[in-house]
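Each chain, letter by letter, is given below.
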Amino acid sequence: MKLALNSENYYSQEANREYFSVSQFKSMMQCEASEIAKLNGEYQEPFSSALTVGSYTHAAFESEDTFNQFCEKEHDSIFKSRGGKYSDFVQADSMIETLKNDEFAMFALTGEKEQIFKGHLFGADWKIKVDNINLQQGFFSDLKTTQSLSKRYWSEKYQKYVSFVEAYDYVLQMAIYREIIKQSTGFVLKPYIVAVTKENPPNKAILHFDDSRFDFELEYVETMIPSMINTKQGQAKPIRCENCAYCRSTKKLSKTFEIGYLID
């Protein structure tokens, strides 16, 4: 019997072992060995200030109580010992204020917060946690922070320069979310990204998607996930990337490399 998901166990090891999530899929695309080590309790990712800042920004749009509780829990990461906030959180406050002062941005963030859904896609059980869902208005939205709205990134997946939305697989995320929400509610909702930049002053945009983009993403997941399922079930040895923190910390040398290897 599958684990009943709730806000307390959503990010638990048990839930992560039983369900795929978009973040887990993306992690396994980068390095299966690292993700499997995390699932087995053999490896824990080092502390990331960027993740804390992201959670801080998201909490500000959930509720005042949620935000206050987060600030209390992460007090030492947010506040200096002599008073005031660290610069990353001062910047986050500016980003939060930028969106809260924009009527259209706040409309795009109206609805039920942090709703959990589960479903089945491509032979795997999935779990999702949606930043904001508004069934009455027919949309869901996700808050994203980024360096710049116009920065370009080279993508091996697309074989071209792309925006931050494609570079960080947010199109893939919206495609999976839309399908799981449809399975759970019966409604096909319109996804939006509410983007705010880390510039001073911050820039902002509300981004929508041409539906044709989702076809490619779903085909991509369908192609890639069978080997991941086998790996999670212990039927295949996880593939190492040899570049991430986990692989660097566990690497064992057995041969030499010609210098061209360094930039391949």
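Described in the following lines is the structure provided in the data block. (Residues numbered from 1 in each chain as written. Predicted model: local features only at pLDDT ≥ 70, side-chain atom pairs only at ≥ 80, totals over all residues. Heavy atoms only, no water.)

1. Section: the pattern of salt bridges
Going by this rule: In the sections that follow, a salt bridge refers to a side-chain nitrogen of Lys or Arg positioned within 4 Å of a carboxyl oxygen of Asp or Glu. Here a helix means four or more residues in a row that DSSP labels H or I, a strand means two or more in a row labelled E, and each is numbered from the N terminus.
Counted according to the given criterion, the structure contains 12 salt bridges. Measuring nitrogen to oxygen at the nearest pair gives 4.0 Å for the salt bridge that ties Asp211 to Lys190. One end of the pair, Asp211, is in the loop between β7 (204-207) and α11 (212-232); the other, Lys190, is in strand β6 (residues 190-197), and 21 residues separate them in sequence. Put simply, Glu35, Lys38 and Glu45 are held in one network by salt bridges that share partners.

2. A short note on the pairing of strand β1 (residues 112-121)
Remember that side chains alternate between the two faces of the sheet whenever the strand is regular. The following threshold applies: When DSSP finds at least two bridges between two strands, those strands are taken to pair.
Strand direction decides the pairing type here: β1 and strand β2 (residues 124-134), joined by nine bridges, are antiparallel. Looking across to β2, one finds that Lys113 is bridged to Asn132. Joining the antiparallel neighbours β1 and β2 is a turn of two residues, in which Phe122 adopts a positive phi near 55 degrees.

3. A closer look at the side chain of Glu217
Cut-off, in case you're wondering: Accessible area is worked out with a 1.4 Å probe on protein chains only. A residue is then buried under 20% of its type maximum, exposed over 50%, and partly exposed in between. Note on contacts: a residue pair qualifies if any of its non-hydrogen atoms lie within 4.5 Å across the two residues.
The residue Glu217 is located in helix α11 in this model. Here Glu217 falls in the buried class, since its relative accessible area comes to 2%. Those residues in contact with Glu217, other than ones at most four positions away along the chain, are Lys157, Tyr158, Asp169, Val171, Leu172 and Ala175.

Just distances and angles here, no functional claims.
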